[in-house]
Amino acid sequence: MSKKLEGKSALVTGGSRGIGAAIAKRLASDGAHVAITYSKGADAAASVVDDIKRAGGKAIAIQADAADSDAVKAAVEKTVSVFGRLDVLVNNAGTAFPKSFEESTLAEMNRVIDINIRGVLVATQAALKHMKRGGRIIMIGSAVGERVAAPGLVPYAATKGAVKMFSQALAREIGSRGITVNNVQPGPIDTELNPAAGDWAVPQKAATALDRYGHVDEIAAMVAFVAGPDSSYVTGANLTVDGGMNA
Ligand code: NDP
């Protein structure tokens, strides 16, 4: 039986660990050739590529800080030059500096904006030059882009709200080209950015209906759906995968 993403090529930003690594492995197991970017974790990125290759897939890792527009554009071009096409872009790279808004520094706010919004705009613009009918642009927004259950994430929530409206607006603009744009909004997912152990996790876990943190594969499953052919009529959607946190 042929796989759902056989013959397709995907670029996952921030794919060396956490949610992005799970997405990269899942898209590869669905048959896509996968490029991942990372900023610092060369070894972690290489190990994701090795895992994919060991499982019979094709993958490359590209060092590209999401805050560096030229590097982001070069990552898109490299993906196309290696795999010959680009069908799926997953804008996953993101960061947060959890602390009170009034204590947030300008440098931290700039960094969150540069990675979480500007990097997404630049990667998407570069990818659209190569995408054909059937293309998929997928954002990893956040459940806090819609509702915020706890303090400490003010600039981050603002960027994820922006990502949400970016997806909706872009879906309108490029729908006639047969390219879909969707925003997957994770709730608390156990990663280095948001570990399930520790004080910070307690109110987040309690805010979910399922009373637990999510697993990275639970986000990858939704991304695989919107990347694949079964989601052909889904666009401009905010797909919340949050254990009921925003219910
Ligand atoms: P992690 O911090 O665990 O992983 C982040 C990944 O992105 C790493 O591969 C990292 O690589 C890469 N990355 C970080 N900064 C940059 C950068 N400047 N340029 C390129 N790559 C970068 O994060 P998560 O997996 O938890 O988060 C992934 C996405 O999911 C983010 O957009 C986040 O906002 C979103 N999200 C996460 C939630 C959670 O609870 N975990 C909840 C809601 C949304 P490197 O080590 O090389 O920097």
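Quick caveat: nothing in here was measured; it's all calculated off a predicted structure. (Residues numbered from 1 in each chain as written. Predicted model: local features only at pLDDT ≥ 70, side-chain atom pairs only at ≥ 80, totals over all residues. Heavy atoms only, no water.)

**Student:** Mind showing me how you'd approach helix 7 (residues 216-227) here?
**Tutor:** Each α-helix turn comprises 3.6 residues. Residues three or four places apart therefore point the same way. Taking 1.5 Å of rise per residue, 12 residues should cover 16 Å, and helix 7 covers 16 Å from first to last C-alpha, within 8% of that figure. Among the residues making up helix 7, those that are buried are Val216, Ile219, Ala220, Val223, Ala224, Val226 and Ala227. Buried residues of helix 7, seen end-on, are gathered within an arc of 165° and therefore sit on one face of the element. (Helix = DSSP H or I, 4+ residues; strand = E, 2+ residues; numbered from the N terminus. Expected span 1.5 Å × (residues − 1). Buried < 20%, exposed > 50% of the residue type's maximum accessible area, 1.4 Å probe, protein only. Arc of directions from axis to C-beta.)

**Student:** Where do I start with the environment of Val34 in this structure?
**Tutor:** With respect to the secondary-structure elements, Val34 resides in strand 2 (residues 33-38). Taking the C-alpha atoms as reference, Val34 lies 31 Å from Leu153; in sequence the two are 119 residues apart. Residues within four places of Val34 in sequence aside, it is in contact with Ala10, Val12, Ala24, Leu27, Ala28, Lys58, Ala59, Ile60 and Phe83. (Contact = heavy atoms within 4.5 Å.)

**Student:** What exactly am I supposed to notice about the site of the ligand here?
**Tutor:** Inspection of the region around the ligand gives 31 residues, with Ser16, Ser39, Lys40, Tyr156 and Thr191 positioned closest. Between the ligand and Asp65 there is a distance of 2.9 Å, counted from a nitrogen atom to a side-chain nitrogen or oxygen. Between the ligand and Tyr156 there is a distance of 2.6 Å, counted from an oxygen atom to a side-chain nitrogen or oxygen. Expressed as a share of its isolated accessible area of 900 Å², the protein-covered part of the ligand is 95%. (Near = heavy atom within 4 Å. Polar contact = N/O pair within 3.5 Å; in protein donor to acceptor, adjacent residues only side chain to side chain. Areas by Shrake-Rupley, 256 points an atom, 1.4 Å probe, with all protein chains shown as cover.)

**Student:** Help me out: how do you make sense of helix 3 (residues 69-83) in this one?
**Tutor:** Helix length check: helix 3 (15 residues) gives 21 Å between terminal C-alpha atoms against 21 Å at 1.5 Å per residue, within 8%. By the burial criterion, the buried members of helix 3 are Ala71, Val72, Ala75, Val76, Thr79, Val80 and Phe83. Buried residues along helix 3 sit against strand 1 (9-12), strand 2, strand 3 (59-63) and helix 4 (106-128). Taking the backbone nitrogen of Asp70 as reference, a side-chain oxygen 3.2 Å away marks Asp68 as the first, capping residue of helix 3.

**Student:** Would you mind showing me how to read the environment of Val202 here?
**Tutor:** Within the secondary structure, Val202 sits in helix 6 (residues 201-207). On the accessibility criterion, Val202 (56% relative accessible area) is exposed. Separated by 11 residues in the primary sequence, Val202 and Tyr213 place their C-alpha atoms 9.8 Å from one another.

Remember that the coordinates give geometry; whether it matters functionally is a separate question.
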